[in-house]
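Each chain is listed here by its residues.
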Amino acid sequence: MADHDANLNSIAVSEPVCISDFENYARAFLPKNAWDYYSSGANEGITLRENRQAFERLKLRPRILKDVSNIDMSTTILGEKIDFPICVAATAMQKLAHPDGEIATARAVVQAGTCMMLSSWSTSRIEEVAEASSSGLKWLQLYVYKDPSVTLDLIRRAESSGFKAIAVTVDTPLLGRRYGDARNKFSLPPHLTLANYKQSYATGVKSDKDSGLATFVNSLINSSLTWEFIPWLRSVTKLPIVLKGILTAEDARLAVQHGVDGILVSNHGARQLDGVPATIEALPEVVSAVDGKCEVYLDGGVRFGTDALKALALGARAVFVGRPILWGLSYQGEAGVSKLLQIFKDEFKLAMGLVGCDCVKDISRNLVAHQTQYAKL
């Protein structure tokens, strides 16, 4: 903590007023190894840019003379109430950003009244996070390993720690090519481990020739995973199952056929296959294919309260934010994440009021139009 605070004080920074202020701080503060790992997308970053630009191509259509004197932002996800529909996505190795890592994030999420998805590649143990946020809503993000006992151990620990859902990452049979990590030969610093694994897994993120994470994934993650995994997962847990990483109507329909409880429309923060669509552009076809048979969420590129509103208007139940949480952590740990989530909350409330909605269920498709609707011919 002392070293972190000293570094913070050495960087001139005013009180953040928007999400990009946290990003600018993190860029200046974090070591290159950590910044490149957190910030990079796959290959040339085409999809990384699209995740933002696609939101910018959507225009809001506000309705006027609506009573918005009493705005209710609350909703539910998988039957659990949250105070506003902006949740915290799974991001790995949070202690690269702050010594308190995932524990700080979990505490801030409780204060904000929303949901945290914990990465199974966290640098804090599942049990530690649960103890630090016993009253908070938590989901576990799950990778599936070649060794089924490793996967099952994570599920059992999440169950016993009070987690409310398992979010299975389904877009990572292989790790996307991330140039920054390859150039840096990304490794976890010696004082950090992947805390949820035994020693041979926990210290495995290292390499002398390439990205240590790519080496880790290619050696341990089950790349032969198919839809037959879902019935097995159903047989070993009663927790709701969310599939994270669906981008097409075809896979959305298959997910529904296999009885999943939720779909997270995600391109893995644009870190897997470069050239796939932005998540906000993939969202409508997934929502249409699901046809109300399971809940649909979105992550990728959410930086403003208006982004969350656009996603809800297109059918998302809630959105998840990833990189901004890391920026908040790097700024002031738990307090930084709390400040960042409060900004999101305030922006979303303002957006609701200015488009004429006093409750989440009133956010509808007719509030959003693509910019081409306004093109001058």
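Worth saying up front: this structure is predicted, and the values here are computed from it rather than measured.

Overview of the overall build of the protein chain
Counting secondary structure elements, the protein chain contains 15 helices and 12 strands. Here the C-alpha atoms of the protein chain give a radius of gyration of 20 Å, agreeing with the 21 Å that 2.2 N^0.38 yields for 377 residues. A total of 377 residues make up the protein chain; the buried ones form 58% of that total. Long-range contacts, defined as pairs at least 24 residues apart, comprise 73% of the intrachain contacts of the protein chain with a sequence gap of at least 6.

Considerations on the pairing of strand 5 (residues 115-118)
Burial of strand 5 is two-sided: the residues Cys 115 and Met 117 facing one way and the residues Met 116 and Leu 118 facing the other way are all buried. Direction of pairing for strand 5 relative to strand 6 (residues 137-142): parallel, over a ladder of 4 bridges. Counterpart to Leu 118 in the pairing with strand 6 is Leu 140. Once you follow strand 5 into helix 6 (residues 126-132) and on to strand 6, the crossover reads as right-handed.

Brief notes about the state of the cysteines
As used in these notes, a disulfide is a covalent bond between sulfur atoms, one from each of two cysteines. Within the structure shown, the criterion is met by 0 disulfides. Among the cysteines around Cys 294, which has no disulfide bond, Cys 87 carries the closest sulfur, lying 16 Å off. When its relative accessible area of 11% is taken as the criterion, Cys 294 is described as buried. With no disulfide of its own, Cys 359 has Cys 357 as its nearest cysteine by sulfur position, at a separation of 7.4 Å.

Looking at the side chain of Ser 133
Within the fold, Ser 133 resides in the loop between helix 6 and strand 6. Ignoring sequence-local partners within four residues, the contact set of Ser 133 consists of Ala 106, Val 110 and Lys 138.

Structural notes on helix 15 (residues 323-355)
Taking 1.5 Å of rise per residue, the 33 residues of helix 15 would be expected to cover 48 Å, yet its terminal C-alpha atoms sit only 27 Å apart, more than 12% below that figure. The principal kink in helix 15, of about 135°, is found at Gln 332. Positive backbone phi, approximately 90°, marks Gly 356, located one or two places after helix 15.

How each quantity is defined
- Residues numbered from 1 in each chain as written.
- Predicted model: local features only at pLDDT ≥ 70, side-chain atom pairs only at ≥ 80, totals over all residues.
- Heavy atoms only, no water.
- Helix = DSSP H or I, 4+ residues; strand = E, 2+ residues; numbered from the N terminus.
- Rg over C-alpha atoms; globule rule 2.2 N^0.38 Å.
- Buried < 20%, exposed > 50% of the residue type's maximum accessible area, 1.4 Å probe, protein only.
- Contact = heavy atoms within 4.5 Å.
- Pairing = 2+ DSSP bridges.
- Right-handed = clockwise from strand over helix to strand, strands pointing away.
- Disulfide = S-S within 2.5 Å.
- Expected span 1.5 Å × (residues − 1).
- Bend = angle between axes of the 7 residues up to and from the residue.

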